[in-house]
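# Descriptive structure summary
Given next are the chains, with one letter for each unit.
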Amino acid sequence: MKRIGFVGLGLMGTGMSKNLLKAGYPVTVWNRTASKMEPLVEAGAKAAGSPREVAENSDVVIDIVTDSPDVEQVLLGPDGVIHGAREGMICIDMSTISPITTREISAKLAEKGVKMLDAPVSGGVIGANNGTLSIMVGGDERVFDECLPIFEAMGKTITRVGGIGDGQVTKAVNQILVGTTMLGVAEALVFAKKAGVDIEKCHAAVSGGAAGSWQLTNNGGRVLRGDMEPGFKIKHYLKDLRIIMETAESIEMPLPATSLVQQMYRGMQAEGLLEKGTQAVSMMVEKLANEKIVG
Ligand code: NAP
């Protein structure tokens, strides 16, 4: 069985690395805040002193950290994975970052004979803990095939979408759909309330038709209950919007709907709502309409 290294034991990485241990893989972990390694060590992992040391003890190194500069830091920085890597080692970045940065990192790793896959995920902390993530993978097909059992220990829907960076592009596509749909849901529900219809009945009526969606059912339902607690936090969504916009810039693609979504979420930042869930965009629409869904 391949020896796995795991860098980044945040909300996502903790559950994902535990699932690798459960599947029987020997796992070496590293986290910047060392205390977060303790539960993993109790579950049977080995703790390393740096990403370099993780690489020295692993055949495949997985990382899931916050943003593009953080991935650069743990993979290429001083004491980064690259310094402990050997020819033939595989590196899988599962963070949500820029596809442009991904391709640059992959080229640097390739100089050392290290193969890279980008494999961002969707499904949140629940999916990470339950091993039911959707994983969107970019990179060489043979490397993907070799790593498939590893992905299967962490996720349920695993799709190789293309070459390196294409996993991140697919995640950006996912986030365009999430945000534009959510803004539509918020606008439609505030419209229903202001027009005076029974909003619960209205929500039920449209959910089963052609306008039905996961966002309408789940986040729309939260909006009706006045529940703004995060499944996915606005502060993380703003990072993803920045990645989408940078990628659009690089391909000279106008994104009129996503731009509007970005401005609405920027407004929520100004309102101090970064810790709320993405459904809280309904609060901005309520302000514009001078109408409240609840109360
Ligand atoms: P998180 O709980 O904030 O954890 C972030 C992890 O990255 C922590 O282990 C943190 O270390 C580490 N880190 C950040 N910057 C670092 C640096 N410069 N050097 C070393 N380590 C660094 O975040 P998360 O929710 O697990 O998210 C991780 C990634 O998954 C993000 O790219 C996010 O967009 C993506 N994602 C998240 C979700 C979700 O629902 N949470 C869903 C899909 C995708 P410390 O412990 O020392 O801070």
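Note that the structure is a prediction, hence the values are computed from the model and not measured.

## A word on the overall build of the protein
In terms of helices and strands, the protein carries 13 helices and nine strands. In terms of overall dimensions, the protein is globule-like: its C-alpha atoms have a radius of gyration of 21 Å, near the 19 Å expected for 295 residues. Its C-alpha atoms put the protein at 65 × 45 × 35 Å along the principal axes. Relative to its full complement of 295 residues, the protein shows a buried share of 48%. Of the accessible surface of the protein, which amounts to about 13500 Å², a share of 54% is contributed by carbon and sulfur atoms. Separation of charge centres in the protein, based on 30 positive and 34 negative side chains, amounts to 4 Å.

## Side note on the environment of Glu275
Take Glu275: it is sitting in the loop between helix H12 (256–270) and helix H13 (281–289). As for Glu275 and Gly209, which are separated by 66 residues in sequence, their C-alpha atoms are 32 Å apart. Of the polar contacts made by the side chain of Glu275, one reaches the side chain of Lys235; its length is 3.1 Å.

## Section: the site of the ligand
The ligand sits among 22 residues. The nearest are Leu11, Asn31, Thr33, Lys36 and Thr66. Contacts to the ligand include Arg32, whose side-chain N or O atom sits 3.0 Å from an oxygen atom. One of the side-chain N or O atoms of Lys36 is found 2.6 Å from an oxygen atom in the ligand. A total of 910 Å² of accessible area belongs to the ligand in isolation, and the protein chains cover 88% of it. Breaking the shell around the ligand down by element, the ones donating at least two residues are helix H1 (11–22) and helix H4 (68–76). Along the lines of polarity and charge, the residues of the shell around the ligand split into nine nonpolar, eight polar and five charged. Mapping the shell around the ligand onto the domain boundaries places at least three of its residues in each of domain 1 (4–164) and domain 2 (169–289).

## Let's talk about empty space enclosed by the protein
In total, this model carries one cavity of 30 Å³ or more according to the counting rule given. Roughly 40 Å³ of volume is contained in the largest cavity. Of all elements in the fold, only helix H8 (166–194) and helix H11 (234–250) reach the threshold of two or more residues within the lining of the largest cavity. Here the element with the most residues in the lining of the largest cavity is H8; it accounts for four residues. Its residues assigned to classes, the lining of the largest cavity comprises four nonpolar, three polar and two charged.

## Brief notes about the pattern of salt bridges
One side chain can pair with another of opposite charge once the charged atoms of both are near each other. Enumeration over the complete set of coordinates arrives at 14 salt bridges. Two residues, Lys287 and Glu271, come together in a salt bridge whose shortest N-O distance is 2.6 Å. Remark: Glu271 occurs in the loop between H12 and H13 and Lys287 occurs in helix H13; sequence separation between them is 16 residues. Classification of Lys287 as exposed rests on a relative accessible area of 52%. Note that Lys292 is salt-bridged to Glu286, the shortest N-O span being 3.9 Å. A network of salt bridges, in which partner residues are shared, links Asp67, Arg242 and Glu246.

## Topic: the domain arrangement of the protein
Domain boundaries in the protein define domain 1 (4–164) and domain 2 (169–289). Each of domain 1 and domain 2 was reduced to a C-alpha centroid, and the two centroids are 30 Å apart. Of the residues lining the interface, 13 residues belong to domain 1; the matching set on domain 2 comes to 11 residues. Here domain 1 meets domain 2 over a buried area of about 1000 Å², counting both sides, of which 64% is carbon and sulfur. The largest contributions to the domain 1 side of the interface with domain 2 come from Thr96, Pro99 and Met136, which together make up 39% of the buried area. At the boundary of domain 1 with domain 2, the tally comes to one salt bridge.

## Considering the layout of surface pockets
Approximately 190 Å³ is the volume found for the second largest pocket. Together, 13 residues line the second largest pocket, and Met228, Ser282, Met283, Glu286 and Lys292 are the ones closest to its centre. With five residues, the single largest contributor to the lining of the second largest pocket is H13. Here the residues of the lining of the second largest pocket sort into seven nonpolar, two polar and four charged.

## Looking at the side chain of Asp93
Summarising the element assignment, Asp93 is placed in strand E5 (residues 90–93). Summary of buried charges: Asp93 has no salt-bridge partner, and the nearest side chain of opposite charge, Lys239, is 9.1 Å away.

Reading the values: rules and limits
- Residues numbered from 1 in each chain as written.
- Predicted model: local features only at pLDDT ≥ 70, side-chain atom pairs only at ≥ 80, totals over all residues.
- Heavy atoms only, no water.
- Helix = DSSP H or I, 4+ residues; strand = E, 2+ residues; numbered from the N terminus.
- Rg over C-alpha atoms; globule rule 2.2 N^0.38 Å.
- Buried < 20%, exposed > 50% of the residue type's maximum accessible area, 1.4 Å probe, protein only.
- Areas by Shrake-Rupley, 256 points an atom, 1.4 Å probe, with all protein chains shown as cover.
- Lys, Arg positive; Asp, Glu negative; His and termini not counted.
- Charge placed at Lys NZ, Arg CZ, Asp CG, Glu CD.
- Polar contact = N/O pair within 3.5 Å; in protein donor to acceptor, adjacent residues only side chain to side chain.
- Near = heavy atom within 4 Å.
- Nonpolar A, V, L, I, M, F, W, Y, C, P; charged D, E, K, R; others polar.
- Domains from an automatic or database assignment.
- 1 Å grid on protein atoms, 1.4 Å probe; cavity = no way out; pocket = protein on both sides within 12 Å on 5 of 7 lines; lining within 4 Å.
- Points joined across faces, edges and corners; volume = space filled by probe spheres on them.
- Salt bridge = Lys/Arg side-chain N within 4 Å of Asp/Glu carboxyl O.
- Contact = heavy atoms within 4.5 Å.
- Buried area = accessible area lost by both parts, 1.4 Å probe.

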